[in-house]
Amino acid sequence: MRYERLCAAVIAAAVCVVGASEAAGQLGARTADEWVDLLDRPERAEGLRIDEVIARIGLEPGDVVADIGAGAGTFSLPFARAVSPGGTVYAVEVDAELVDYIDAKAAGEGVENLEGVLGEFTDPALPTREIDVAFFHDVLHHVEDRAGYIENLARYIGPDGRVVIIEGAGHNARPDQSEMHMTREQVTGWMADVGFEPSEAHDLYGPDKWFVVYSRR
Ligand SMILES: C[S@@+](CC[C@H](N)C(=O)[O-])C[C@H]1O[C@@H](n2cnc3c(N)ncnc32)[C@H](O)[C@@H]1O
């Protein structure tokens, strides 16, 4: 009997540990409604200069793009238009409500080549391993296991595919958000671990926000 109780306690502890690690994964999390309020504003989209981002990356009809941490789809919809005809954008989110929000927005605007994808905290769970461009804007510092995420992501990138990362340095200055601090050098190290190196850097947003394209060595 004592042995059975011990086993039950061990199993309960294991379930608890697994549950805790599954719950972890997003830093600075917000509800879907909060993200939409914050992200889906025309003046924000204007300031992001998305047409210029598309030009700098060189998105073309036929490209297959993963917009990782797509939020309200601010980049996903213009990207989908840029890769049409023939291309597809996968808008990856860990929040199912945001996936639905993006899908509904695309349908409402007649954008047919955009697919919302419910990713995992450490894996984008994409339906193809032929991604031409994986794009992160203001996302990677929200991922708890960044090195693990990049390792998993690399498996979905096609042979000539690229990873584009845009990150602001602002949150690094906030001592109350130390868990989200992340440097460009750290990202370059994690990318090097999976065989990618910086191939381009763009000065689009000024010194407080970096924009780097990584390609396979
Ligand atoms: C600051 S918002 C940026 C949204 C969008 N990239 C933009 O700039 O408009 C960060 C987004 O990343 C998402 N996110 C956080 N961790 C994620 C992960 N591991 N995989 C996919 N999305 C994630 C959040 O749900 C949130 O929508």
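Residues numbered from 1 in each chain as written. Predicted model: local features only at pLDDT ≥ 70, side-chain atom pairs only at ≥ 80, totals over all residues.

(A) Layout of the sheet that holds strand S1 (residues 64–68). Strand order in this open sheet of seven strands is S3-S2-S1-S4-S5-S7-S6, and the pairing throughout is mixed. Each having just a single partner strand, strand S3 (114–118) and strand S6 (196–201) make up the two edges of the open sheet. Taken pair by pair, the neighbouring strands of this sheet meet at an average axis angle of 25 degrees, ignoring direction. Note: strand S5 (residues 157–168) against strand S7 (residues 209–216), seven bridges, orientation antiparallel. In the sheet register, Ile165 faces S7, and the bridge partner there is Val212. On the sheet, helix H8 (residues 184–193) packs against S5, S6 and S7 and is oriented at approximately 135 degrees with respect to S6. (Pairing = 2+ DSSP bridges. Helix = DSSP H or I, 4+ residues; strand = E, 2+ residues; numbered from the N terminus. Axes fitted to C-alpha atoms, helices over the stretch in contact; angles between N-to-C directions. Contact = placed C-beta atoms within 7 Å.)

(B) Focus on the packing of helix H7 (residues 146–154) against H8. Between H7 and H8, the least distance of the axes is 9 Å, while the angle of their chain directions is 40 degrees. Between H7 and H8, the crossing angle belongs to the class labelled oblique. Once H7 is placed against H8, the crossing between them reads as right-handed. In contact with Arg146, Ala147 and Ile150 of H7, H8 contributes Trp190, Met191 and Asp193. (Parallel < 35°, antiparallel > 145°, perpendicular 65-115°, else oblique. Left-handed = near helix turned anticlockwise from the far one by under 90°.)

(C) The arrangement of the confidence of the model for the protein in detail. Within the protein, residue pLDDT values average 90, and 89% of them lie at 70 or more. Within the model, the stretch residues 6–24 combines pLDDT values under 50 with one contact to residues more than four positions away or in other chains. (pLDDT = per-residue confidence, 0-100.)

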